[in-house]
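Breakdown of the fold
Here are the chains, one letter per residue:
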Amino acid sequence: MEALEILLQPSFWAAAIRIATPLIFGVLGALLCERAGVLNLGIEGIFVAGAMAGWLSVYLGLPLWGGVAVAALTGAAFGLLHAVLTVPLGLSQHVTGIGVTLLATSMSYFGYRVAFPNVTSPPRIEAFRPLDLGPLREIPFVGPILAQQTALTWLAFACVAVVGLVLARTQLGLAVRAVGDNPAAVESQGLSVTAIRMGAVVAGSALMAVGGAFLTMSAFNAFFFGMISGRGWVCIALTVFASWRPGKALVGALLFGAFDAYQLRLQTVSGGVVPSQIFLMLPYVFSIAALLVAARRADYPRALMQPYFKGQR
Amino acid sequence: MTYPTQTDGTSAGAAPRSTVLSLRGITKRFGALLANDAIDLDLRAGEIVALLGENGAGKTTLMNILFGHYVADAGEVRVAGPDGALAPLPPGSADAALGAGIGMVHQHFTLAENLSGFENIVLGTRPLWSPGIGGRAARAKVARIAADSGLGVDLDVSVSRLSVGEKQRVEILKALYRDVKVLILDEPTAVLTPQEAEGLADTVRSLASRGLAVIFISHKLNEVISLCERVVVLRGGAKVADRATAGADRATLAELMVGRSIEVRHSAPRGVGEPVLTLDRVSAAMGRRDRLVDASLDLRAGEIVGIAGVSGNGQGTLAALLAGLAAPRSGRLSVLGEVITGEDPRAMVARGVGRVPEDRHREGSIGAMSIAENFVLERLQGGDFQRLGFLARSRIRAETERVIAAFDVRCSGPDAPIRLLSGGNMQKVILARALDGRPRLVLAHQPTRGLDVAATADIHRRLLDARDRGAGVLLISEDLDEIFALADRIAGIHHGELSRAFPAGSLDQRSVGLLMAGQDPGIAA
């Protein structure tokens, strides 16, 4: 069966990981915000802004890692906006998040048009190259898959471990988890609910923006309109699927990546009998199906979307 | 419940005790309201002091000032430092209060349920950037405190899996871990079974004997009398009494709190009539945990049957059956002579069931709607308050004004949104709605939870009136004082199992505690 042979190709798995990388950043960012009790629907726009800011910085002469830093800072700035509006001011997190998405997306497109008024094909940059793994390349099957990945993918894996460790094993992690469950518990221990929530939203938004930057600086090497195409929303769904756990977030992102990579290859072997839209739909059908299973038992952070005001209970 | 009585064992004869906390002239205004009026309070090491007062008397304001949530307009808080000398506490800083050794266990627990007990205890005790959460030293300290205080609880499972009593132990450990000198307990026994409350009282005594000063806030006067050596009473923002507990009884304390004597009527049924509610091996469930298994009960006209139990043991399902919000899965339920098989809240009201739901905010009223609208909410079907589907506004207003006067509801008028009322007044409106149609069966579910002594007495009087008029009243309550004050017969509920109903006279607090724990009190019905 041709359809099953796809699963044995290293190039398929390499693509799955590549597609998963921005989602890993995005889900980590979203779960960090939500663990602290703040839903961040700005994620879609922050992806766009990160993609644009990182790519533009490199185009204008910054080194690649400088571009990643600029992307992270851009994300942090939009995160700060979302945090100020939702945490101390306690505005609706849904409305604010959608607003941030619209603002960040429009500003990115506007910046692009101002910078490049007359181009028809998007200018390209010299992007991240696959990391040279030395002798590890020789491992059968796995070697070629890993050898195709860039430094940003490895950074994503590292972030999974770091976020997981911080949440589980540090005072900071305790505070973030507690503030998303019962802010009064944090307040009663002499910590600032506002500072912890805002910090988590800013850090989470920076991670989301790096996910966006991956697309322009490692995958497509250029910025164009509509390139995010719902990846942010997928991350919000995957966060529920992952039960707000970094390890499961990695699994969820990889599964989604695998579905997406698989449908791309399936389109070529199906010989054009099945409309391609059916295949394009597959990863999203997977998301909805996974949510149906996972969300029924989902253990939402108890204080998610509940603003907290000091001295009020 | 039978607390051990106060003896000289509570260090009254020990070495002179140093003052650890001193409040001087604490005054706080909110607009025109004088919430705290020049309050003085001294607390010595090893002392257990009760802080009593009606809702709105200023207890919460005083504690919030102590904790730095509010800044007093005048006055000073001084706390003993490490050398024992009193030093002023910087106002408006919760951190400073924690640092000075003031700890509080709130009535609503401040625990993160997704963390373990240990994680809750060490949360915020080290800088956020430090690696690890406390390590071996913290473990050892927690273990030592737990052993010393006798507060045994599994600290490694997530708090959501602990019982209410266990959560409270975690809260107390949390305070003790911070080396508190003053521990404030805000209505700590409101959620405990009598046995648990007794365990807590023992713990508090043992902590006090080690030099901890305890402020005990409670509405349950029996507890106050048996546990505390001194009682401070606030009324209308001012301190009206600061006296030894010895020689005081419930009536004295209640009078101090309210400022007038509270009429205590002993309940004596005038004679019971035919059954108004019969459960014969009824099973039903409102979700996985709150359920009723094979419950049997008989309630007759002209009597009050009290269901004692800690919330979540099946009371919700029992109340839902009577309210028409649940249907029996098996067994036979008969209400006012009719066998009930389905869910139909409207039909229950039409049959003559008056319902006082457990949560007056969520189920009992619609906050944004006016008092008048809330009052007629259950009675819009008939022709009294509407014509062709249009509300008869003037008649609704007139009826509501009559009821506001009859039930002594303090409000600005029938058009005021009900959410602006105090708990006691809101409950009176709900009671008026339930009782005004002279129902033959009344469901009163936690009718006085969170209300002060005066409002509670008023509601009790009206429930007794309903009984004397010939209604059967099913009283579901966690408050044993309430059960004993009202009920003619008492049954316990535990894990969905309803005990037999025993005559109230044959039971005491301890035997009802056994009923609430699902055990046989060992007496004949």
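Provided above is the structure to which this section pertains.
Note that the structure is predicted; figures quoted are calculated from it, not measured. In every chain, residue numbers begin from 1 and rise along the written sequence. Whichever chain is written first is A, and whichever ligand is written first is 1; the rest continue in order. It should be noted that, the model being predicted, local features are given only for residues of pLDDT at least 70 and side-chain atom pairs only at 80 or more, the latter also being counted only at that level, while totals for whole chains, interfaces and linings use all residues. Based on all heavy atoms of the structure, the side-chain values leave hydrogens and waters out of the count.

1. A closer look at the packing of aromatic side chains
A pair of aromatic rings is counted whenever rings of Phe, Tyr or Trp (Trp by its six-membered ring) have centres within 6.5 Å, and the orientation is called stacked for planes under 30 degrees apart, edge-to-face for over 60 and tilted otherwise. Tallied over the entire structure, the rule returns 21 aromatic pairs over all chains. When the centroid spacing of 5.4 Å and the interplanar angle of 50° are considered together, the rings of Tyr112(A) and Phe223(A) count as tilted. Placement of the pair is Tyr112(A) in helix H5 (residues 93–115) and Phe223(A) in the loop between helix H10 (193–219) and helix H11 (231–241), with a sequence separation of 111 residues. Per residue, the accessibility class of Tyr112(A) equals that of Phe223(A), and both read buried. Taken together through their ring pairs, the aromatic side chains of Trp55(A), Tyr59(A), Tyr109(A), Tyr112(A), Phe116(A), Phe223(A) and Phe225(A) make up a single cluster. Geometrically, a charge over a ring is one whose NZ (Lys) or CZ (Arg) sits within 6 Å of the ring centre while staying within 35 degrees of the ring normal. When the ring centre of Tyr177(B) is taken as origin, the NZ or CZ atom of Lys141(B), which lies over that ring, is 4.7 Å away. Its end group placed over the ring of Phe407(B), Arg462(B) keeps NZ or CZ at 4.3 Å from the ring centre. Here a helix means four or more residues in a row that DSSP labels H or I, a strand means two or more in a row labelled E, and each is numbered from the N terminus. Partly exposed describes any residue whose relative accessible area lies between the buried limit of under 20% and the exposed limit of over 50%, with all areas from a 1.4 Å probe on protein chains only and scaled to the type maximum.

2. Considerations on empty space enclosed by the protein
Here the idea is plain: a probe the size of a water molecule rolls over the atoms and shows the empty space left. Cavities and pockets were defined on a 1 Å grid built from protein atoms only: a cavity is a group of points that admits a 1.4 Å probe but offers it no way out, a pocket is an open group of points flanked by protein on both sides within 12 Å along at least five of seven lines, and a lining residue is one with an atom within 4 Å of any such point. Grid points are joined across faces, edges and corners, and a volume is the space filled by probe spheres set on the points. Here the structure, examined in full by the defined rule, presents four cavities of 30 Å³ or more. In this structure, the largest cavity encloses a volume near 220 Å³. The wall of the largest cavity is formed by 19 residues, among which Ser188(A), Gln189(A), Phe67(B), Leu98(B) and Met104(B) lie closest to the centre. For the lining of the largest cavity, the secondary structure elements donating two or more residues are helix H9 (183–188) of chain A together with helix H2 (94–99), strand E6 (102–105) and helix H5 (164–177) of chain B. For the lining of the largest cavity, the residue count by class is eight nonpolar, six polar and five charged. Residue ranges for the domains trace back to a domain assignment, done automatically or taken from a database. Of the domains in this structure, domain 1 (1–101 + 183–262) and domain 2 (112–179) of chain B are the two that each give at least three residues to the lining of the largest cavity. Lys, Arg, Asp and Glu make up the charged group, whereas Ala, Val, Leu, Ile, Met, Phe, Trp, Tyr, Cys and Pro make up the nonpolar group; the residues left over, Gly among them, are polar.

3. Remarks on the interface of chain A and chain B
Many analyses report the size of an interface as the accessible area lost when the parts associate. Note on contacts: a residue pair is in contact if any heavy atoms of the two residues lie within 4.5 Å. Each partner contributes to the interface: chain A provides 22 residues, whereas chain B provides 28 residues. Interface area for chain A against chain B, summed over the two sides, is near 2200 Å², with a carbon-plus-sulfur share of 57%. Here a polar contact means two N or O atoms within 3.5 Å. Within protein one must be a hydrogen donor candidate and the other an acceptor candidate, and residues neighboring in sequence count only if both atoms are side-chain atoms. For the pair chain A and chain B, the interface holds 14 residue pairs in polar contact (both at pLDDT 80 or more). Looking at which element gives the most residues to the side of chain A that touches chain B, the answer is helix H8 (residues 171–181) of chain A, with seven residues. Looking at the side of chain A that touches chain B, its residues break down into ten nonpolar, six polar and six charged. Simply put, the buried area is the total loss of 1.4 Å probe accessible area from both parts when two parts are fitted together.

4. Some points on the sheet that holds strand E5 (residues 86–88) of chain B
Residues and elements named next belong to chain B. As summarised here, the arrangement of the four strands in space is E2-E1-E4-E5, forming an open sheet in which the pairing is antiparallel. At either end of the open sheet lies a strand with only one pairing partner, and these are strand E2 (33–44) and E5. The average angle at which neighbouring strand axes cross in this sheet is 20°, direction not considered. In this fold helix H1 (residues 59–66) packs onto strand E1 (19–30), E2 and strand E4 (74–80), with an angle of close to 120° to the strand it touches most, E1. If DSSP finds at least two bridges between two strands, the strands pair. Axes here refer to lines fitted to C-alpha atoms; in helices the fit is confined to the stretch in contact. Angles between the N-to-C directions go from 0 to 180 degrees.

5. Topic: the packing of helix H4 (residues 64–86) of chain A against H10(A)
All names here are of chain A. Remark: H4 packs on H10, axes separated minimally by 7 Å, with the N-to-C direction vectors making an angle of 140°. The angle between H4 and H10 places the two elements in the oblique class. Along this stretch, H4 crosses H10, giving a crossing that reads as right-handed. Between H4 and H10, the contacting residues are Leu 64, Gly 67, Val 68, Ala 71, Ala 72, Gly 75, Ala 76, Gly 79, Leu 80, His 82, Ala 83 and Val 84 on the first element and Met 198, Val 201, Val 202, Ser 205, Ala 206, Ala 209, Val 210, Ala 213 and Met 217 on the second. Its residues assigned to classes, the contact of H4 with H10 comprises 16 nonpolar, five polar and no charged. Comment on the angle field: the value is read as roughly parallel under 35 degrees, roughly antiparallel over 145, roughly perpendicular from 65 to 115, and oblique elsewhere. In this scheme the handedness of a crossing depends on how the near helix is turned from the far one: anticlockwise by less than a right angle means left-handed, clockwise means right-handed.

6. Some words on the pattern of salt bridges
Residues and elements named next belong to chain B. Within this document, salt bridges are pairs made up of a side-chain nitrogen of Lys or Arg and a carboxyl oxygen of Asp or Glu, the two lying within 4 Å of each other. Scanning all chains against the criterion turns up 36 salt bridges over all chains. Here Arg 393 and Glu 373 are joined by a salt bridge, their closest N and O atoms 3.8 Å apart. With a gap of 20 residues between them, Arg 393 in helix H12 (residues 393–406) and Glu 373 in helix H11 (residues 371–376) connect regions that are remote in the sequence. Among the charged side chains, a salt-bridge network with shared partners connects Arg 44, Glu 47, Arg 230, Lys 239 and Asp 242.

7. Quick look at the side chain of Asp181(A)
Relative to the elements of secondary structure, Asp181(A) occurs in helix H8. What makes Asp181(A) buried here is its relative accessible area of 8%. Residue contacts for Asp181(A): discarding those within four places in its chain leaves Arg302(A), Ala303(A), Leu111(B), Ala112(B), Glu113(B) and Asn114(B).

8. Digging into a nonpolar patch on the surface
There is a patch of nonpolar side chains on the surface, built from Leu4(A), Leu7(A), Trp13(A), Leu136(A), Ile139(A), Phe141(A) and Val142(A) and spanning about 590 Å² of accessible area. Within the element layout of this structure, Trp13(A) appears in helix H2 (residues 10–35). To count toward a patch, a residue needs a relative accessible area above 30% and no salt bridge. Like charges then connect within 9 Å, nonpolar side chains (Val, Leu, Ile, Met, Phe, Trp, Tyr) within 5 Å. Shrake-Rupley sampling with a 1.4 Å probe provides the accessible areas, and residues are treated as covered by the protein chains on show and by no other component.

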